Amino acid sequence: MKIEIDNGSGFCSGVTTAIKKAEEELSKGVTLYCLGDIVHNGMECERLRKLGLITINHDDMRELHDVKVLLRAHGEPPETYELARKNNIEIIDATCPVVLKLQQRIKTQYSSLPSLQIVIFGKKGHAEVLGLVGQTHSTAIVIESFDEVKRLDFSRDIYLYSQTTKSLDEYRRIIEYIQEHISPDAVFKSFDTICRSVANRMPSISQFAAHHDLILFVCGRKSSNGKVLFNECKRINPNSHLIEDPDEIQPEWLEGKDSVGICGATSTPKWLMEQCRDAIQEML
């Protein structure tokens with residue numbers, strides 16, 4: 001049986017930088033907190049926990065003083081930085097540069113015209129989206145899917161942005177719908193804010209899924225990017241399974257298969273995909 005790991009899968013540069021910063025701080029022997037899971041992958045979070053990384057939430061952070069807190073690649077709203085200043089917390093900022101640029105664009109637009117209808121295509125409650133909405137004092141409208149675009153006020157100006165890891169095709173559908181329904185008296189502007197390192201994985205992972213009898217997509221179930229990529233694998237190859245770790249691999253999936261492809265999200269470590277490969281080899 002041929003077992004292949006997708007070369008294009010694995011951590012994006014933003015996640016790689018965040019983990020590297022965490023490892024550098026932990027190597028100094030200092031106590032380091034991380035606001036939220038550093039990456040949407042339980043196995044990688046557990047690895048870093050064993051190195052000393054302590055994951056906290058926003059309520060925990062309010063009780064901390066005079067410590068170091070790492071902000072993950074997803075970014076944070078302005079309120080988090082203000083809390084850090086009040087509590088004398090040193091911020092290790094690992095916000096992805098692509099996310100940071102998007103935050104700044106939205107903040108600038110909102111500051112110049114607060115009455116504007118700013119719309120963000122993204123997952124409600126997602127860390128990145130909370131950071132984006134925070135740039136508008138929580139006035140931005142979040143739509144999770146194409147179906148929700150119909151509830152916008154098309155008589156008012158609309159400025160549309162997207163969470164960096166959303167589907168480019170669905171974003172384009174939303175843009176087309178707004179263009180068709182916006183009032184002639186209103187202004188509509190859309191901004192290309194989807195990360196290309198994520199968007200470019202879609203065609204490559206489609207080709208990868210088509211070349212194998214079985215696809216094992218290794219991904220934490222919290223990963224927004226992972227859901228998008230897995231759905232594409234499933235569309236191309238119905239014999240695709242989403243797993244979080246090697247223990248979830250079912251031996252019967254391998255029966256009668258000549259080739260297995262292992263791939264993952266931007267939050268999936270290479271070492272975890274390699275563990276899945278080794279587990280299959282042991283089963284065989």
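Residues numbered from 1 in each chain as written. Predicted model: local features only at pLDDT ≥ 70, side-chain atom pairs only at ≥ 80, totals over all residues. Heavy atoms only, no water.

1. Focus: the overall build of the protein chain
The secondary structure content of the protein chain amounts to 11 helices and 12 strands. Over its C-alpha atoms the protein chain spans a radius of gyration of 21 Å, differing by no more than 12% from the 19 Å that the globule rule assigns to 284 residues. By principal-axis analysis of the C-alpha atoms, the protein chain measures approximately 65 × 55 × 25 Å. Within the span of the protein chain, comprising 284 residues, buried residues form 54% of the whole. Partitioning the intrachain contacts of the protein chain with sequence separation of at least 6 by distance along the chain shows that 71% fall at a separation of at least 24. Of the roughly 13500 Å² of accessible surface on the protein chain, 48% is carried by carbon and sulfur atoms. Averaging the coordinates of the 34 positive side-chain charges in the protein chain and doing the same for the 41 negative ones gives two points 4 Å apart. (Helix = DSSP H or I, 4+ residues; strand = E, 2+ residues; numbered from the N terminus. Rg over C-alpha atoms; globule rule 2.2 N^0.38 Å. Buried < 20%, exposed > 50% of the residue type's maximum accessible area, 1.4 Å probe, protein only. Contact = heavy atoms within 4.5 Å. Areas by Shrake-Rupley, 256 points an atom, 1.4 Å probe, with all protein chains shown as cover. Lys, Arg positive; Asp, Glu negative; His and termini not counted. Charge placed at Lys NZ, Arg CZ, Asp CG, Glu CD.)

2. Here's the deal with helix α9 (residues 201-210)
Quick reminder: α-helices carry 3.6 residues per turn. Residues three or four places apart thus point the same way. Buried within α9 are the following residues: Arg201, Met202, Ile205, Ser206, Phe208 and Ala209. Considered in projection along α9, the buried side chains sweep an arc of 165° and stay on one side of the axis. Seen from the open side of α9, the exposed residues pointing more than 90 degrees away from its buried face are Gln207 and Ala210. Looking at the buried residues of α9, the elements they touch are β1 (2-5), α8 (196-199), β10 (214-218), α10 (224-236) and β12 (259-264). (Arc of directions from axis to C-beta.)

3. Focus on the pairing of strand β5 (residues 90-93)
As paired elements, strand β4 (residues 68-71) and β5 share 4 bridges and run parallel to each other. Pairing of Lys68 across the sheet is with Glu90, part of β5. Tracing the backbone out of β4, into helix α4 (residues 78-86) and back to the parallel element β5 gives a crossover that is right-handed. (Pairing = 2+ DSSP bridges. Right-handed = clockwise from strand over helix to strand, strands pointing away.)

4. Quick notes on the side chain of Ser224
Tracing the backbone through its elements, the reader meets Ser224 in helix α10. Its relative accessible area of 8% is what places Ser224 among the buried residues. When neighbours within four sequence positions are excluded, Ser224 is seen to be in contact with His126, Gln163, Thr165 and Lys166.

5. Comments concerning the sheet that holds β12
Ordered in space as β1-β12-β10-β11, the 4 strands form an open sheet in which the pairing is parallel. Of all the strands in the sheet, the pair left with one neighbour each is β1 and β11 (240-243). This sheet shows a mean twist of 20° between the axes of neighbouring strands, independent of strand direction. By the bridge criterion, 5 bridges tie β10 to β12 in an arrangement that is parallel. Along β12, the bridge assignment pairs Leu216 with Ile262. Contacting β1, β10 and β12, α9 crosses the sheet at an angle of about 160° to β12. (Axes fitted to C-alpha atoms, helices over the stretch in contact; angles between N-to-C directions.)

6. Examining the nonpolar core
Among the nonpolar cores identified, the biggest contains 20 residues, and Val149, Leu152, Ile158, Leu160, Ile174 and Ile178 are the most heavily contacted of them. In this structure, Ile178 is in contact with Val149, Leu152, Phe154, Ile158, Leu160 and Phe188, ignoring residues within four places of it in sequence. With 16 residues, the next largest nonpolar core counts Ala18, Leu32, Cys34 and Ile38 among its residues. (Core = buried A, V, L, I, M, F, W, Y, C linked by side-chain atoms within 4.5 Å.)

7. Let's talk about the environment of Leu116
Within the secondary structure, Leu116 sits in the loop between α5 (97-112) and β6 (117-121). Note: C-alpha distance between Leu116 and Cys276 (160 residues apart in sequence) is 49 Å. Those residues in contact with Leu116 that lie beyond four places of it in its chain are Gln109, Arg156, Asp157 and Tyr159.

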